[in-house]
Amino acid sequence: MPILPREQPEPPPAEPREARRMAESFGVDAQRYDQARPGYPGALVTRIVAGSPGPDVLDVGCGTGIAARQFQAAGCAVLGVEPDARMADFARARGLQVEVGTFEAWQPAGRTFDAVIAAQSWHWVDPVAGAVKAARVLRPGGRLAIFGHVYEPPVEVAEPFAAAYRRAVPDSPLSGQPARRPLGLYQAAYAKFADKICENEQFNDPEQWRYEWEQSYTRDQWLDLLRTTGGLTQLGPDELAEILDAVGGAIDSLGGRFTMNYTTLAATAVRADAS
């Protein structure tokens, strides 16, 4: 998809103020966000937990707590850090401990963790400062795990979406993006994440992981997810309706549902033993 910035491994091509406004738009409808967004592969969660020295997890940019709840279910004690107070409130209402702030400004107050995770959020963090902060709060042997989804809807859904977005918002910098972005672009971005981790000598050599899976969507389920994406959360009602009508019609032509191919990518590294 051309405009799913919360899913993209890098910020959209916009001015810093525009990017920040987009980042802060995800909490407009936190409940819809939580219900519509997919979780993460169980094998990924299991691998992170098994590769960490203990159960204490810090979730950077935890949002509504989609990933955090999966780690809780796996037996972890999770603390979230989230810059959007609306998202943080939603996560707290579902039993998560969350502190409001950006990761760079957040104060650990001497606390340390066995894993630091960032699900769909590391592209909003300064990669150098983020790696330094993660190393600071990780115990020796603790794991930093940065991961996120690549959405690849079928061309029959992606093309009408891209065309409708260009018509509705022709001046947006996102309008020039292709309907489907090659997986290699995302893999390159995660390779950059790994490179930045590698520059911090407090980590062992980073690894890159990949998980492929599928999820079926009805027309209404996909339109609900689209409403939570950064390119649409800031639109007016007429612009939004034009785009959703076009995508809804495309899905209707497929029988009212389609199968989404997902790839979940991860860049991860273990904090070196200080000794």
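Residues numbered from 1 in each chain as written. Predicted model: local features only at pLDDT ≥ 70, side-chain atom pairs only at ≥ 80, totals over all residues. Heavy atoms only, no water.

S.K.: Even after reading the chapter, I still don't get the packing of aromatic side chains, so can you show me in this structure?
M.R.: The description of an aromatic ring pair uses the distance of the two centres, along with the angle that the planes make with each other. Considering all chains together, one arrives at 12 aromatic pairs under this definition. Ring centres 6.3 Å apart and planes at 25 degrees place the aromatic pair phenylalanine 161 and tyrosine 165 in the stacked group. Pair noted here: phenylalanine 161 and tyrosine 165 are both in helix α7 (residues 155–168), with a separation of 4 residues, about one helical turn. In terms of burial, phenylalanine 161 and tyrosine 165 fall into one category: buried. When the ring of tyrosine 217 is compared with that of tryptophan 222, the centres are 5.2 Å apart and the planes differ by 65 degrees; the resulting orientation is edge-to-face. You'll find tyrosine 217 and tryptophan 222 in the same group, each marked buried. Put simply, the rings of Tyr151, Trp213, Tyr217, Trp222, Phe258 and Tyr262 touch in pairs and so form one group of aromatic residues. (Phe/Tyr/Trp six-rings, centres within 6.5 Å; stacked < 30°, edge-to-face > 60°. Helix = DSSP H or I, 4+ residues; strand = E, 2+ residues; numbered from the N terminus. Buried < 20%, exposed > 50% of the residue type's maximum accessible area, 1.4 Å probe, protein only.)

S.K.: So what exactly am I meant to see when it comes to the pairing of strand β7 (residues 257–270) here?
M.R.: Side-chain direction in a regular strand flips from residue to residue, so the side chains alternate between the two faces of the sheet. Burial analysis of β7 places 11 of its 14 residues in the buried class, the great majority of the element. Strand direction decides the pairing type here: strand β5 (residues 138–152) and β7, joined by 10 bridges, are antiparallel. Residue alanine 145 lies in a different strand from β7, and its bridge partner there is threonine 268. In this sheet, β7 lies alongside strand β6 (residues 207–218) in antiparallel orientation, the contact comprising 12 bridges. What sits directly across from glutamine 215, in β7, is methionine 260. (Pairing = 2+ DSSP bridges.)

S.K.: Quick question: what am I supposed to make of unusual backbone geometry here?
M.R.: Excluding glycine, residues mostly carry a negative phi; peptide bonds, for their part, are mostly trans. For alanine 109, which is not a glycine, the phi torsion comes out positive at approximately 50 degrees. Look at glutamine 120: it is not a glycine, yet its phi comes out positive at around 65 degrees. Looking at where glutamine 120 falls in the secondary structure, it is placed in the loop between β4 (113–119) and α6 (127–137). On the accessibility criterion, glutamine 120 (5% relative accessible area) is buried.

S.K.: Would you take a moment to explain the pattern of salt bridges for this structure?
M.R.: Side chains carrying opposite charge are able to pair once their charged atoms draw close together. All told, the structure shown has 12 salt bridges when counted by the stated rule. With its nearest N and O atoms 3.0 Å apart, the salt bridge here joins aspartate 56 to arginine 139. On the criterion of sequence distance, the pair formed by aspartate 56 in strand β1 (residues 56–60) and arginine 139 in strand β5 is long-range, its members being 83 residues apart. With a relative accessible area of 23%, aspartate 56 lands in the partly exposed category. A salt bridge links aspartate 114 to arginine 139; its shortest N-O distance comes to 2.9 Å. Taken together, the residues aspartate 114 in strand β4 and arginine 139 in strand β5 connect sequence positions 25 residues apart. Note on aspartate 114: relative accessible area 5%, which makes it buried. A relative accessible area of 27% places arginine 139 in the partly exposed class. Each of Asp56, Asp114 and Arg139 takes part in one network of salt bridges that share partners. (Salt bridge = Lys/Arg side-chain N within 4 Å of Asp/Glu carboxyl O.)

S.K.: What exactly am I supposed to notice about the pairing of β1 here?
M.R.: In terms of burial, β1 is largely enclosed, as 4 of its 5 residues are buried. Taken together, β1, helix α4 (residues 66–73) and strand β2 (residues 77–82) constitute a β-α-β crossover, and its handedness is right-handed. Sheet analysis places β1 next to β4, joined by 3 bridges and oriented parallel. Within β4, the residue paired with valine 57 across the bridge is alanine 115. (Right-handed = clockwise from strand over helix to strand, strands pointing away.)

S.K.: Mind showing me how you'd approach helix α9 (residues 219–227) here?
M.R.: Spacing of three or four residues puts side chains on the same side of an α-helix, whose turn is 3.6 residues. Regarding α9, the residues found buried are Trp222, Leu223, Leu225 and Leu226. Axial view of α9: buried residues confined to an arc of 160 degrees, hence all on one face. (Arc of directions from axis to C-beta.)

S.K.: Mind showing me how you'd approach the packing of α9 against helix α11 (residues 237–253) here?
M.R.: Each packed pair of helices is defined by two parameters, the angle between the axes and the distance between the axes. As a packed pair, α9 and α11 sit with axes 10 Å apart at the nearest point and diverge in direction by 150 degrees. Between α9 and α11, the interaxial angle falls into the category roughly antiparallel. The handedness of the crossing between α9 and α11 is right-handed. Facing Arg219, Trp222, Leu223, Leu226 and Arg227 of α9, the residues of α11 in contact are Leu240, Leu244, Val247, Gly248, Gly249, Ile251 and Asp252. By residue class, the composition of the contact of α9 with α11 is 7 nonpolar, 2 polar and 3 charged. (Axes fitted to C-alpha atoms, helices over the stretch in contact; angles between N-to-C directions. Parallel < 35°, antiparallel > 145°, perpendicular 65-115°, else oblique. Left-handed = near helix turned anticlockwise from the far one by under 90°. Contact = heavy atoms within 4.5 Å. Nonpolar A, V, L, I, M, F, W, Y, C, P; charged D, E, K, R; others polar.)

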